[in-house]
Amino acid sequence: MKLPMIIVHGGAGKWKDERIPVGLEQVEKAATAGFQVLDNGGSALDAAEACTVYMESCGKLNAGLGARANIDGVKELDAMIVDGSSLNFGSVAAITGIRNPVSLARYIMEKTGFSFFAGDNAKRLYEKMIAEGYRTEAEPGVVAQSSDGGAKDTVGCVVVDGQGRIAATSSTGGISKKIPGRVGDSAVMGSGAYANDVCGATATGWGEHIMRVTLSRMIVLYVEEGLDVGLAAKRGMEMFEAKTGSEAGVVVADAKGNYGFSTNAKAMPTVIIQGSIDNMTSFTCQE
Ligand code: ASP
């Protein structure tokens, strides 16, 4: 049984050898948190949010609490969530002072009638989200992790629930030495993530180059055109490397629960849970 399923990455890049097991452990916990939501009847969106909130809150990955700071020492976060069954998405960019931009991205998608907010005005929406009770806070700026979910470099996941609905996320502090106001691919629909009713993908790596080829959208297109999901991930990375010479990684899943992954970076901690919480595959994807 392939559904429901979740595929999660903890960022592709030049991981120090001693940090790889630490990253992998956190990605395993995040995948478990997301899958528990599915087991409890939650949707792909619920699971993708819970999985990503875990990674934003663990402090060990480049997102949320653990996010890389910009050259001024400030954590400016980008995040996105995509609902493949409706083609809706929510994005937030260059936000400061909060830990869980993925929950705000979902609020933006579901409650505002708009899709993409940046900076201080996104922060105002976060305050509105809390005031309306859409999410509660564990402490100022920190979304309480859902009780049923146990969710309690850039991270992202693709989730397919039992009904074949696909959700994808991306969340990051961005690349090193970024100057204030820089926004990468992780908030840009089709680049850092994409999903429709056929397939979903999420990307990590050098955002400027991921955006040049709209990497996630291209991989989903390959699957729509009939390519096997695993081959589509590899073809996407080959295309990306040939056109940009840069470094990235992707994880992909289709509506039936088939999955793929590929990177040309040193390492990308990757975890898949398919069908049952006992069926976890965990490894470091390498170039
Ligand atoms: N893609 C992210 C960015 O460019 C960085 C990363 O994946 O680590 O902001």
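Everything discussed here concerns the structure shown above.
Residues numbered from 1 in each chain as written. Predicted model: local features only at pLDDT ≥ 70, side-chain atom pairs only at ≥ 80, totals over all residues. Heavy atoms only, no water.

Caption draft 1: Broad picture of the overall build of the protein chain. Helices and strands together make up the secondary structure of the protein chain, namely seven helices and 14 strands. Its C-alpha atoms give the protein chain principal-axis dimensions of roughly 45 × 40 × 40 Å. Classification of the 287 residues of the protein chain by burial places 59% in the buried group. Put simply, the protein chain shows about 10900 Å² of open surface, and 50% of that area lies on carbon and sulfur atoms. (Helix = DSSP H or I, 4+ residues; strand = E, 2+ residues; numbered from the N terminus. Buried < 20%, exposed > 50% of the residue type's maximum accessible area, 1.4 Å probe, protein only. Areas by Shrake-Rupley, 256 points an atom, 1.4 Å probe, with all protein chains shown as cover.)

Caption draft 2: Up close: the sheet that holds strand E11 (residues 248-254). What the four strands build is an open sheet, ordered E9-E10-E11-E12; its pairing is antiparallel. Taken across any chain shown, the strands that pair with only one partner, and hence form the sheet edges, are strand E9 (193-195) and strand E12 (259-263). Taken pair by pair, the neighbouring strands of this sheet meet at an average axis angle of 5 degrees, ignoring direction. Where E9 lies against strand E10 (residues 199-205), three bridges are found, and the strand directions are antiparallel. In the sheet register, Ala 195 faces E10, and the bridge partner there is Gly 200. The sheet strands contacting helix H6 (residues 215-224) are E9, E10 and E11, and the helix crosses E10 at an angle near 145 degrees. Along the sheet face, helix H7 (residues 229-244) touches E11 and E12 and points at about 25 degrees away from the line of E12. (Pairing = 2+ DSSP bridges. Axes fitted to C-alpha atoms, helices over the stretch in contact; angles between N-to-C directions. Contact = heavy atoms within 4.5 Å.)

Caption draft 3: Structural context of the pattern of salt bridges. Applying the stated rule across the entire model yields 12 salt bridges. It is possible to trace a salt-bridge network through shared partners that takes in Asp 46, Glu 49, Arg 106, Glu 110 and Arg 135. (Salt bridge = Lys/Arg side-chain N within 4 Å of Asp/Glu carboxyl O.)

Caption draft 4: The arrangement of the site of the ligand in detail. The environment of the ligand is formed by Asn 62, Asp 153, Thr 154, Thr 172, Gly 174, Ile 175, Arg 182, Asp 185, Ser 186, Thr 204, Gly 205 and Gly 207. Between the ligand and Thr 204 there is a distance of 2.8 Å, counted from an oxygen atom to a side-chain nitrogen or oxygen. With respect to the ligand, the backbone of Gly 207 contributes an N or O atom lying 2.9 Å from an oxygen atom. Contact with the protein chains covers 98% of the free accessible surface of the ligand, which is 270 Å². (Near = heavy atom within 4 Å. Polar contact = N/O pair within 3.5 Å; in protein donor to acceptor, adjacent residues only side chain to side chain.)

Caption draft 5: View of the packing of helix H2 (residues 44-57) against helix H3 (residues 101-112). Contact geometry for H2 and H3: axes closest at 8 Å, N-to-C directions at 150 degrees. In terms of axis orientation, H2 runs roughly antiparallel to H3. Contacts between H2 and H3 involve Leu 45, Asp 46, Glu 49, Thr 52, Val 53 and Glu 56 on the former and, on the latter, Pro 101, Val 102, Ser 103, Arg 106, Met 109 and Glu 110. (Parallel < 35°, antiparallel > 145°, perpendicular 65-115°, else oblique.)

Caption draft 6: Structural detail: the packing of aromatic side chains. Within this structure, the stated rule accounts for four aromatic pairs. On the numbers, 5.1 Å between centres and 70 degrees between planes, the contact of Tyr 107 with Tyr 134 is edge-to-face. Residue Tyr 107 is located in helix H3, and its partner Tyr 134 is located in the loop between helix H4 (119-131) and strand E5 (137-139); the two are separated by 27 residues in the primary sequence. Grouping residues by exposure puts Tyr 107 and Tyr 134 together as buried. Here Tyr 259 and Phe 261 contribute two aromatic rings whose centre-to-centre distance is 6.3 Å and whose plane-to-plane angle is 25 degrees, an arrangement assigned as stacked. You can call Tyr 259 partly exposed: its relative accessible area is 28%. Feature note: the residues Tyr 259, Phe 261 and Phe 283 constitute an aromatic cluster, connected by ring pairs. Here Arg 135 stacks its cationic end above the ring of Tyr 134, 4.3 Å away from the centre of that ring. When the ring centre of Phe 261 is taken as reference, the NZ or CZ atom of Lys 234 above it lies at 5.4 Å. (Phe/Tyr/Trp six-rings, centres within 6.5 Å; stacked < 30°, edge-to-face > 60°. Lys NZ or Arg CZ within 6 Å of the ring centre and 35° of its normal.)

Caption draft 7: Molecular detail of the side chain of Ser 43. Looking at the element boundaries, Ser 43 is found in the loop between helix H1 (20-39) and H2. Here Ser 43 falls in the buried class, since its relative accessible area comes to 15%.

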